Amino acid sequence: MFSSLPIRAALGLALAFALVGPALTAVTGTGDVVEASGVPTFATHGSRATKTIAITIDDCDNETAVTALLKIVRDAHVNATWFCIGKVVAADPAFWKNWALAGYPMANHTYYHTSLTAKSYSAIVAELKLDNSVVTRIIGRPMLPVLRPMGGNVNSTVIAAAGAAGEKLVLNWDVSICDTSVLTQHTVAAIARYVAQLTLNGERGTNGSVILMHAKGPYTQQALPAILANYQARGYQFVTAGQ
């Protein structure tokens, strides 16, 4: 059993990351925290004792969706953390410089958006450093020291490399709205059912939950207002990774 030394708050007051113990324990896809020496904490949620929710928005490869989701969270006065693909940000610097004016935090979602578990330690370190460098230059402020691996794919090499690249937390999620599932029918009724399911999925969070969604298509923004309203009605505080 490893002892832990808190370093700083990662999800507001909900989640602390730590440097601990002499060695890295096994990493699982469902474990709450994997502890290690000299490398970031791996987590899927914050404290279950605190009534907080973290909205996380991944990929951001659809600027129309990004703009719509940004307006929704701003109008609702809630926090959100954006995990945008580095090469997407690099492709349109003017758009992302303007996005940055809203003041929301961005964290590392890799530069190329391919699985890190298939790469060597040195290749992972190089990619994460590239992402941090390019995105920081474009948005005009540092990214959070938090990594969200593509697909949530993580192992001990990914976590160690993340630490070498300056990340303090590797953060996956415990609730997904499942907005990357394929909608096979595009009738009004089918779209309504799909959005209703996304909404239901997103409302399943509990204390400390990290909610995953994507800025990719038109349906997430249809579900998000109801998801936010649900948590607000239940008395949750919205926090961001690194707040």
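Bear in mind the structure is a predicted one, so any value in this text is a computation, not a measurement.

**Q** Explain the packing of aromatic side chains residue by residue, including any values.
**A** Each aromatic ring pair is described using two quantities: the centre-to-centre distance and the angle formed by the ring planes. Tallying each qualifying case throughout the model produces seven aromatic pairs. A ring pair is formed by Tyr231 and Phe238, whose centres lie 6.5 Å apart and whose planes are at 85°; its orientation type is edge-to-face. Taken individually, Tyr231 and Phe238 each receive the classification buried, so the pair is uniform in this respect. Taken together, the aromatic side chains of Trp82, Phe95, Trp96 and Trp99 make up a single cluster linked through ring pairs.

**Q** Outline helix 3 (residues 93–100), listing residues and values.
**A** Phe95, Trp96, Trp99 and Ala100 are the residues of helix 3 that are buried. Mapping the buried residues of helix 3 onto a view down its axis gives an arc of 135°, with all of them on the same face. For helix 3, the exposed residues set more than 90 degrees away from the buried face come down to Ala94 and Asn98.

**Q** Could you give an account of the pairing of strand 5 (residues 52–59), naming the residues involved and the relevant values?
**A** In the case of a regular strand, side chains alternate between the two sheet surfaces. A large share of strand 5 lies buried, amounting to eight of its eight residues. Here strand 5 pairs with strand 12 (residues 237–239) via three bridges, running parallel. For Ile53, the partnering residue across the bridge sits in strand 12 and is Phe238. Looking at chain direction, strand 5 and strand 11 (residues 209–214) are connected through six bridges and run parallel. Bridge pairing in strand 11 links Ile53 to Ser209. Relative to strand 6 (residues 81–84), strand 5 runs parallel, the two being bridged by four bridges. Note on strand 6: the bridge partner recorded for Asp59 is Cys84.

**Q** Outline the side chain of Gln221, supporting the account with residue identities and numerical values.
**A** Residue position: Gln221 is located in helix 7 (residues 220–233). Residue classification places Gln221 among the buried residues on the basis of a relative accessible area of 15%.

Rules used in this analysis
- Throughout, residues of each chain are indexed from 1 in the direction in which the sequence is written.
- In view of the model being predicted, local features appear only for residues whose pLDDT reaches at least 70, and side-chain atom pairs are presented and counted only at 80 or more, with totals across whole chains, interfaces and linings using the full set of residues.
- Processing note: side-chain calculations cover all non-hydrogen atoms of the structure and skip hydrogens and water entirely.
- Here the aromatic set is Phe, Tyr and Trp, taking the six-membered ring for Trp, and pairing holds for ring centres within 6.5 Å; pairs whose planes are under 30 degrees apart are stacked, those over 60 apart are edge-to-face, and all others are tilted.
- When a residue's accessible area, from a 1.4 Å probe over protein chains only, is under 20% of the maximum for its type it is buried; when over 50% it is exposed; and in between it is partly exposed.
- Numbering of helices and strands starts at the N terminus; helices are DSSP runs of H or I of at least 4 residues and strands are runs of E of at least 2.
- Directions from the helix axis toward the C-beta atoms define the arc.
- What makes two strands pair is DSSP finding at least two bridges between them.

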